[in-house]
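Descriptive structure summary
What follows is each chain in one-letter form.
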Amino acid sequence: MSCVFFLVGDLPSKQVSISLPPSINFRSLKQAVSEKFSIIDPSALSFLTGGTVCDNLASLKQFPKPIGVLVNGRAVSDPPGPRGLPFIGSHCEVYPDHIGNHERLFQIYGPIFKTTIMGRTVYHTNEPEIVAHVFKETAFFTKEINEAHPLYGVKSPHAGVFLTDTHTDVWKEAHKFMVPAFGPRAIDKYSTVVVATARKTFPVFDKLEEENLAWNVYDYMLKLASQIVGELFIDADFGHFEKFDSPIHDTVAAIFRLLGLNKKVTSWGDWYTWLPFGDPKRLRDTWHDVGSRVGKHIAVASIGEGDIPLQEAALKAKNLTDYFIRATDNKGNKMSAESRRPALIVAVTAGFVTTSALLSWLLFGLVTYDGCQSIILQELVDNGMTEETEMTGEFIGKLSFLDKFVKETQRHHTTSFQPARTARTDLILPNGFRLPKGAVVIPEVHHLHHNSQIWENPTRFDPERWDTEQVKSRHRASYIPFAMGPRMCIAMNFVTREVKILLAQLVYRYEFIRHGTNTIEYDPMFQTIRPRNLYMRTRKRVSWPSLTKTDS
Ligand code: HEM
């Protein structure tokens, strides 16, 4: 036998007939109906017979008329959103303060809303249930950088990671080769470069103190994070700490410019990308410039002899460039020569642009949230830290307050890339929201991390929340500083170790002091969320607190 179903809220003409074999149960019925209507979550379905919800299979089978389908008890509908102005659409509803304005739009429209700018529609969500589906890489969603995607201006078919669609052999290959480069033993090895680079900053901070100079936190963190990835990935010494005022290296400056331009250009929609003058042209020229600059570093990077099996390549290679050239899988395959340079550009870019923003917010936290700096210092002292302490994984693992401080900073001061995924088909999300094929959905990481349905008092910086049951049992998609799913950050564990090592070393040696009382502004026209007007001073410590007395 068969029954006719229709989506409540949809056109009656879209009803479908589904055959119900005798063996069917309620669960498989929901599955079959979901497949017909491309509803992502079959468990969200309920059935309406003549205006009442029916959860009895026998009654459903006997119902003589079309059966209504609800999703999470709701009729299907298009996500709402501001109507916008002619031509530019919602641009003024979103920019310049996209964080504040997205928050306002979530308040008005709920967990998913759409904005249309210059004819390109994007969907924004702060709802973990939706986010979890969006990031999964299934028949419903994938990372496909189409014209509405925030990375469209820098899409690269050869980079493999980050800037390339998932359903390409290039991504599969680059991902396969890149993930082992960030395994636990590789991270131990990279930690020595992190420690050595932190030490290079000491004479610089000493000199700044001696000269009684305040410094721009983001600029110095940009220098620090790029100095590390320069050495690790392309064997480049950017010379950022040769003098206290060493300039930012041209390669780093070009990458920084690139990410500002991409944000600016994509905020106006894809048609703008193709203009032959102005920022769009500058974006294309800068992309070129970055490629040739990084190419020059790669050309002179130190390369070892002979192939290295993939699983041990990270330990034996001299740097990531060497790794990409010599790592060989068990079938004798290597990363294609065509992908190496773009993948290295991505690694360097992703490697310092985000980390410098995170480090800046961590320093902001030290000088802004009462007590955090002294608790971290006390924890270092209580764990026996000295200037000579080795920054092993074991030592860093003991620093539980530091761990909570980093987590809370990544929640409250999300650096976010606006990761986005694309619908592969017309589909229905939880709560009945309808999306067309090709729709770009942005899980808004900052707003997910401030969703008051998930986080108690979300605007409060509270590292201790990470010890509460509520946070421990949170929805797995409610905290995603590194995104989630197959296209999430491949360097999450490296970065987490890196910033903890840097903080431990810096806080042990210096007291960080805020310079000025101005309101800290984020840069709305940059790909990551970074503070642009935060200044600080350091004071070299001459004494440390005593060990905390314990009862035993
Ligand atoms: C605080 C530091 C970092 C944060 C917050 C961060 C965050 C993220 C996020 C949110 C994504 C997903 C992007 C998307 O879906 O479009 C991502 C992807 C990625 N990240 Fe990171 N990242 C950080 C540092 C790094 C570092 C140091 C590297 C070094 C190689 C790196 C390499 C990558 C790569 C290669 C991808 C793309 C993976 C793929 O396409 O499959 N990230 N990162």
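Residues numbered from 1 in each chain as written. Predicted model: local features only at pLDDT ≥ 70, side-chain atom pairs only at ≥ 80, totals over all residues.

For the chain, an unreviewed UniProt entry supplies the name Cytochrome P450 and the organism Neoarthrinium moseri. UniProt lists a comment for the chain under the heading Cofactor (unreviewed entry), and it reads "heme". (UniProt positions renumbered as here; feature names shortened; annotations may be inferred.)

We now examine the UniProt feature "binding site: heme" (unreviewed entry) in the chain. Under the UniProt annotation, "binding site: heme" (unreviewed entry) lies at Cys 489. Checked against the element boundaries, Cys 489 lands in the loop between helix 19 (469-472) and helix 20 (492-509). Accessibility expressed as a C-beta count within 10 Å gives 20 for Cys 489, which makes it buried. Apart from residues lying up to four places away in sequence, Cys 489 is in contact with Phe 482 and Ala 483. (Helix = DSSP H or I, 4+ residues; strand = E, 2+ residues; numbered from the N terminus. Buried ≥ 20, exposed ≤ 12 C-beta atoms within 10 Å, placed from the backbone. Contact = placed C-beta atoms within 7 Å.)

Compared with an ideal rise of 1.5 Å per residue, which puts 23 residues at 33 Å, helix 11 (residues 278-300) spans 34 Å between its outermost C-alpha atoms and is within 8% of the ideal. Pro 280, Leu 283, Thr 286, Val 290, Val 294, His 297 and Ile 298 are the residues of helix 11 that are buried. (Expected span 1.5 Å × (residues − 1).)

Here we come to the packing of helix 14 (residues 337-368) against helix 20. Two elements in contact, helix 14 and helix 20, have axes separated by 11 Å at closest approach and are oriented at 40°. Relative to helix 20, the element helix 14 lies oblique. The interaxial crossing formed by helix 14 with helix 20 has right-handed handedness. Residues Thr 355, Leu 358, Leu 359, Leu 362 and Leu 366 of helix 14 touch helix 20, and the partners they reach there are Val 495, Glu 498, Val 499, Leu 502, Leu 503 and Val 507. Tallied by class, the residues present in the contact of helix 14 with helix 20 amount to nine nonpolar, one polar and one charged. (Axes fitted to C-alpha atoms, helices over the stretch in contact; angles between N-to-C directions. Parallel < 35°, antiparallel > 145°, perpendicular 65-115°, else oblique. Left-handed = near helix turned anticlockwise from the far one by under 90°. Nonpolar A, V, L, I, M, F, W, Y, C, P; charged D, E, K, R; others polar.)

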